[in-house]
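The primary structure of each chain is shown beneath.
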Amino acid sequence: MTPDPAATVRDLAFSYRNRRVLDRVDLVFARGETVALLGPNGAGKTSLMRLLAGRLVPERGSVRVAGGDPGRSSAVRRAIAWVPQEVALYPRLTVRENLEVFARLLGLPRAARAPAVARALTRTGLDDVASRLVGVLSGGYQRRANIAAALLGEPALVLLDEPTQGVDQAARAAIHAVLERLPETGAALLVATHDFAEAERLAGRVLVLQDGRIRLDGRLADLLARLRAGPPEHEVALAEAAGPAAAAALRQAGFHPASPLVWQTDRRAGDTVAGGRDGAALLAHLRRHGVPVREIRVREPGLDVLYRDVTAGEPPADLRPVEAVA
Ligand SMILES: Nc1ncnc2c1ncn2[C@@H]1O[C@H](COP(=O)(O)OP(=O)(O)OP(=O)(O)O)[C@@H](O)[C@H]1O
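- You'll find the chain entered in an unreviewed UniProt entry as ABC transporter ATP-binding protein, with Methylobacterium ajmalii given as the organism.

Encoded structure:
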């Protein structure tokens, strides 16, 4: 028997005052899956997560988590872990004391609190710092403690809003290691992020939200396989930043700057590259126009390319735009 989904969203709409920020959103989150939620600023990602957490009430449609309505039932809300970007812990308490406070606030029975705190510490790799004051820990550890607090209630759905924004590489890797193991608990994870590498590392499924609508919903492996079945893209590394004439030649060949010294084609623009996909013809074109080419590389397209296609209104031809279902 298939277990009940962790969460279901049906025909969801939401407005702030008269401004519609989510419309016709239909989603099902299975237990144990990790879903990346991508979208431009203002797309409605945080609003969707707040609706899933029962902190906003739908204007139309329904949200169900672990079989109940989070807007109406505090028991259902306890099955949802909301991990906001900002750390919401007491800096003058230790990590363990913080978790004990949150276990009590969550209404866990007294006998269940110590085991829940111990489990949350272990799952987030914080056993060694359990007795340190939260206020003296680095930002990365504080984020992990924030996640630990959210896990105390054995949630069915974990909502993470940009979990690694503003932390260094080591802390980011540590947070990813924690998040990678969470689906083992049977929870569904929804991770809002602007970081494509993070989404590729953590998520089995990707959602793209734009202007309040789901523009793409698919398995990451399938989406990338289809994208990579197409012709390759090129990346040009420059010896020095391109002047106006060189920049014009690069743009004419279908490139855009990823940084001052690295220009990339994308899947759509790549079709206009002078000489097609032929690297030698491309090099000749660029040299003719005085582009200071250091190296031309073949680049495997990733989620960034897919995202650009979708948000530019041009999803890959064989991908079903989600609104077509509505
Ligand atoms: N409390 C509010 N009152 C009125 N409008 C709001 C409120 N919160 C958000 N909005 C607006 O709703 C829209 C969606 O915002 P939301 O924060 O959900 O987007 P987002 O995708 O999370 O953006 P970001 O990536 O910048 O965090 C935006 O236009 C935003 O300005």
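**Some points on the sheet that holds strand S4 (residues 60–65)**
Right, on to step 1. Across the sheet, which stays open at both edges, the 3 strands sit in the order S2-S1-S4 with antiparallel pairing between neighbours. With partners counted over all chains shown, the strands left at the sheet margins are strand S2 (19–29) and S4, one partner each. The average undirected angle you get between the axes of adjacent strands in this sheet is 25°.
Right, on to step 2. As defined by bridge partners, strand S1 (residues 7–16) adjoins S4 across 5 bridges and the pair is classed as antiparallel. When the bridges of S4 are listed, Val-9 appears paired with Val-63.

**Quick word on helix H3 (residues 95–105)**
Right, on to step 1. When we look at burial in H3, the residues that qualify are Val-95, Asn-98, Leu-99, Val-101 and Ala-103.
Right, on to step 2. Contacts from the buried residues of H3 go to helix H4 (110–123) and helix H5 (139–151).
Right, on to step 3. Count one or two residues on from H3 and you reach Gly-107, which has phi positive near 85°.

**Brief notes about the site of the ligand**
Right, on to step 1. As a matter of local geometry, the ligand sits amid Tyr-16, Arg-19, Val-21, Pro-40, Asn-41, Gly-42, Ala-43, Gly-44, Lys-45, Thr-46, Ser-47 and His-194.
Right, on to step 2. Arg-19 has a polar side-chain atom sitting 3.1 Å from an oxygen atom of the ligand.
Right, on to step 3. In the environment of the ligand, an oxygen atom lies 2.9 Å from a nitrogen or oxygen atom belonging to the side chain of Asn-41.
Right, on to step 4. For the ligand, whose accessible area on its own is 640 Å², the fraction buried by protein is 63%.
Right, on to step 5. Within the residue set of the shell around the ligand, elements represented by two or more residues are S2 and helix H1 (45–52).
Right, on to step 6. No other element matches H1, which puts 3 residues into the shell around the ligand.

**What about empty space enclosed by the protein?**
Right, on to step 1. Applying the stated criterion to the full structure yields 2 cavities of 30 Å³ or more.
Right, on to step 2. When its volume is computed, the largest cavity comes out at roughly 50 Å³.
Right, on to step 3. Taken together, Val-83, Pro-84, Gln-85, Arg-143, Asn-146, Ile-147, Leu-160, Asp-161, Glu-162 and Pro-163 make up the lining of the largest cavity.
Right, on to step 4. Broken down by secondary-structure element, the contributors of at least two residues to the lining of the largest cavity are H5 and strand S6 (157–161).
Right, on to step 5. Among the elements that line the lining of the largest cavity, the one with the most residues is H5, at 3 residues.
Right, on to step 6. Put simply, the second largest cavity is a space of about 40 Å³.
Right, on to step 7. Lining the second largest cavity are Arg-123, Leu-151, Glu-154, Pro-155, Val-158, Leu-182, Thr-185 and Ala-187.
Right, on to step 8. A class-by-class count of the residues in the lining of the second largest cavity yields 5 nonpolar, 1 polar and 2 charged.

Procedures and definitions
Residues numbered from 1 in each chain as written. Predicted model: local features only at pLDDT ≥ 70, side-chain atom pairs only at ≥ 80, totals over all residues. Heavy atoms only, no water. Pairing = 2+ DSSP bridges. Helix = DSSP H or I, 4+ residues; strand = E, 2+ residues; numbered from the N terminus. Axes fitted to C-alpha atoms, helices over the stretch in contact; angles between N-to-C directions. Buried < 20%, exposed > 50% of the residue type's maximum accessible area, 1.4 Å probe, protein only. Contact = heavy atoms within 4.5 Å. Near = heavy atom within 4 Å. Polar contact = N/O pair within 3.5 Å; in protein donor to acceptor, adjacent residues only side chain to side chain. Areas by Shrake-Rupley, 256 points an atom, 1.4 Å probe, with all protein chains shown as cover. 1 Å grid on protein atoms, 1.4 Å probe; cavity = no way out; pocket = protein on both sides within 12 Å on 5 of 7 lines; lining within 4 Å. Points joined across faces, edges and corners; volume = space filled by probe spheres on them. Nonpolar A, V, L, I, M, F, W, Y, C, P; charged D, E, K, R; others polar.

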